[in-house]
Amino acid sequence: MTNIYSHNYAKELDEQDELKVFRNEFYINPDKIYLDGNSLGLLSKQAEKAVYTIMEAWKSVAIDGWTQGNQPWFHLSEHIGEKMAPLVGANSDEVIATGSTTTNLHQLVASFYKPEESRTKILADALNFPSDIYALKSQLQLRGYDTKKHLVQVESDNGHVLKEEDIIAAMTEEVALIVLPSVLYRSGQILDMEKLTVEAHARGIMIGFDLCHSIGAIPHALHDWGVDFAFWCNYKHLNGGPGSVGGLFVHKKHFGEQPGLAGWFSSEKEKQFDMDHDLTPAPHAGAYQIGTPHVLSAAPLLGSLDLFEEAGITKIREKSVALTSYLLQLLDHELSGYGFIVRSPKLAKNRGAHVFIEHQEAARICKALKASGVVPDFRAPNGIRLAPVSLYNSFSDVWHTVQNLKKIMDEKTYKNYSNKRGVVA
Ligand SMILES: *Cc1c(COP(=O)(O)O)cnc(C)c1O
């Protein structure tokens, strides 16, 4: 039996890893261990190739690229939507590639927030990413509501995880709409989307989820759960590249309604070029597009999504659970007593694809870790996110990370850095 804390054990796990071949599909700096795929996923050869294919069409056929070639741009958003649909558990026409997380949230709130009489509040949580909260507040302001009274944010007992019971208890008769993350961006907690949807609907409330930290990392069944809408970015686990086009889901039961923010790309495709001043919205999620798709920043997804289809989200999730469980096990064994506190849920079923730890000296520990060749993610004031990604990270990566961290703590090399964050952290 190999000692489970030895490097050999990590190598054995790598040998047995069914997804190990996918690592070769990515551009990996051999001198680095990249654990920041939940902020910006790595470039794959397929994604790169897909960009060149689109560029080639622009180069050779120009305007006709909208309708010709193997990937006509006019249908690109729908086509990518179809490719994303299995990852969120949706029908192909319930998903569209468009906008960004924040603009999609604006669109969906503009469409599905329908305050009436005493039911005027939006329910969110106190731990979500600021952009989502800014969007919700500005949507309330646009309708003339006081955000202090109309945005209800469910608090966390410990500042890291939320309790579904607390969220359900806040689903009062005054709530018109609920917007929550699927996986919390700091602690990595997975919220029970199915349960929350059932409870919201039992109270006549619409509910939508931000899937930024879950798409490409965990399976979803949005259609079967009856979720009203969802939105996400594609540059994290989906490896679509910096600023790549986002995605959204609208449940079929809402098809045929007018989008809150309309534009000519909201149109039914056959009618779009009639240039009519009355919009006929597309009879599917495509209706929530606004203007011309950002073709070049959607292109990488064409290639990237092929890898997800090949690997399968079930296998990706299995490996991810094994990686984060292994990381937690090593942290516990090698680094207890060094002042680290694990804030991610201990139970794998409640944990997304990253691990969140806190330390008083986190900012400079991150800098020392980066100098040692490991790329982590710092979250102010004292958090470190580590995301071992199924498609391109190995168990050896995890092992080396913990060893580097231990060395930094033992030799106190983090003291060579200032404990302040950089501009982008
Ligand atoms: C990454 C992330 C965003 C980013 O929004 P953009 O519009 O893509 O810049 C928003 N919300 C959450 C929860 C995120 O994790």
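All figures in this text were calculated on a predicted structure; none of them were measured in a lab. Each chain carries its own residue numbering, running from 1 in the written order of its sequence. For this predicted model, a pLDDT threshold of at least 70 governs which residues receive local features, and a threshold of 80 or more governs which side-chain atom pairs are given and counted, while totals over whole chains, interfaces and linings are taken from all residues. To get the side-chain values, all heavy atoms of the structure are used, and hydrogens and water are removed first.

A.B. asks: For the site of the ligand, give the residues involved together with the corresponding values.
C.D. replies: Any residue with at least one heavy atom within 4 Å of a molecule or strand is counted as near it. Ser 100, Thr 101, Thr 102, Asn 128, Phe 129, Asp 132, Asp 210, Cys 212, His 213, Cys 233, Tyr 235 and Lys 236 make up every residue found near the ligand. What qualifies as a polar contact is a pair of N or O atoms within 3.5 Å, subject to a donor-acceptor requirement within protein and to the restriction that residues adjacent in sequence count only when both atoms come from side chains. Interatomic distance of 2.5 Å between a side-chain N/O atom of Lys 236 and an oxygen atom of the ligand.

A.B. asks: Go over the packing of helix 12 (residues 313-335) against helix 14 (residues 395-411), please, and point to the residues and values.
C.D. replies: Between two packed helices, what matters for the description is the angle formed by their axes and the separation of those axes. Where helix 12 contacts helix 14, the two axes come as close as 10 Å, and the packing angle between them is 25°. Taken together, the axis directions place helix 12 and helix 14 in an arrangement best described as roughly parallel. Crossing of helix 12 over helix 14 shows right-handed handedness. Of the residues in helix 14, those touching helix 12 at Lys 319, Ala 322, Leu 323, Tyr 326, Leu 327, Leu 330, Leu 331, Glu 334 and Leu 335 are Phe 395, Val 398, Trp 399, Val 402, Gln 403, Leu 405, Lys 406 and Met 409. Here the contact of helix 12 with helix 14 is composed, by residue class, of 13 nonpolar, 1 polar and 3 charged. Axis angles are defined between N-to-C directions and span 0 to 180 degrees, where every axis is a line fitted to C-alpha atoms and, for a helix, only to the segment in contact. By definition, any uninterrupted DSSP run of H or I lasting at least four residues is a helix, any uninterrupted run of E lasting at least two residues is a strand, and each is numbered from the N terminus. Put simply, angles under 35 degrees are roughly parallel, angles over 145 are roughly antiparallel, angles from 65 to 115 are roughly perpendicular, and the rest are oblique. Two helices cross in a left-handed way if the nearer one is turned anticlockwise from the farther one by less than a right angle. They cross in a right-handed way if the turn is clockwise. By definition, residues are in contact when any of their heavy atoms lie within 4.5 Å. Polarity classes work like this: nonpolar for Ala, Val, Leu, Ile, Met, Phe, Trp, Tyr, Cys and Pro, charged for Asp, Glu, Lys and Arg, and polar for all others, with Gly in that last group.

A.B. asks: Describe unusual backbone geometry, and please don't skip the residues or the numbers.
C.D. replies: Negative phi is the rule for most residues except glycine; trans is the rule for most peptide bonds. Following Ala 380, the chain continues into Pro 381 via a peptide bond in cis, with omega recorded as 0°. By the secondary structure assignment, Pro 381 is in the loop between strand 12 (377-379) and strand 13 (383-386). For Asn 239, which is not glycine, the phi dihedral falls at a positive 55°. Relative to the assigned elements, Asn 239 resides in the loop between strand 7 (229-232) and strand 8 (247-250).

A.B. asks: Lay out the UniProt feature "binding site: pyridoxal 5'-phosphate" (unreviewed entry) in the protein in plain terms, naming residues and giving numbers.
C.D. replies: Following the UniProt record, one finds the feature "binding site: pyridoxal 5'-phosphate" (unreviewed entry) at Thr 101, Thr 102, Phe 129, Pro 130, Ser 131, Asp 132, Asp 210, His 213, Tyr 235, Trp 264 and Thr 292. Over a stretch of 192 residues, the named residues are scattered through the fold, their C-alpha atoms separated by up to 30.4 Å. On the secondary structure map, Asp 132 appears in helix 5 (residues 130-142). With a relative accessible area of 3%, Asp 132 lands in the buried category. Beyond its immediate sequence surroundings of up to four residues, Asp 132 is in contact with Leu 105, Asp 210 and Phe 231. Looking at the secondary structure, you find Tyr 235 in the loop between strand 7 and strand 8. In this scheme, a residue with accessible area under 20% of its type's maximum is buried, one over 50% is exposed, and one in between is partly exposed, where area comes from a 1.4 Å probe on protein chains only. A residue is classified by how much of its surface remains accessible, and Tyr 235, at 25% relative accessible area, is partly exposed. UniProt positions are given in the numbering used here, feature names are shortened, and annotations may be inferred rather than shown by experiment.

A.B. asks: Describe the pattern of salt bridges, listing the residues and the values that go with them.
C.D. replies: Throughout this description, the term salt bridge denotes a Lys or Arg side-chain nitrogen within 4 Å of a carboxyl oxygen of Asp or Glu. Taken as a whole and judged by the stated rule, the model has 18 salt bridges. Between Asp 306 and Lys 83 there is a salt bridge, and its shortest N-O distance comes to 2.5 Å. A residue pair is termed long-range when its members are at least 10 positions apart, and Asp 306 in helix 11 (residues 295-311) and Lys 83 in helix 3 (residues 76-88) qualify at 223 residues. Asp 228 is paired through a salt bridge with Lys 253; the nearest N and O atoms lie 3.6 Å apart. Remark: Lys 253 occurs in the loop between strand 8 and helix 10 (269-272) and Asp 228 occurs in the loop between helix 9 (222-225) and strand 7; sequence separation between them is 25 residues.

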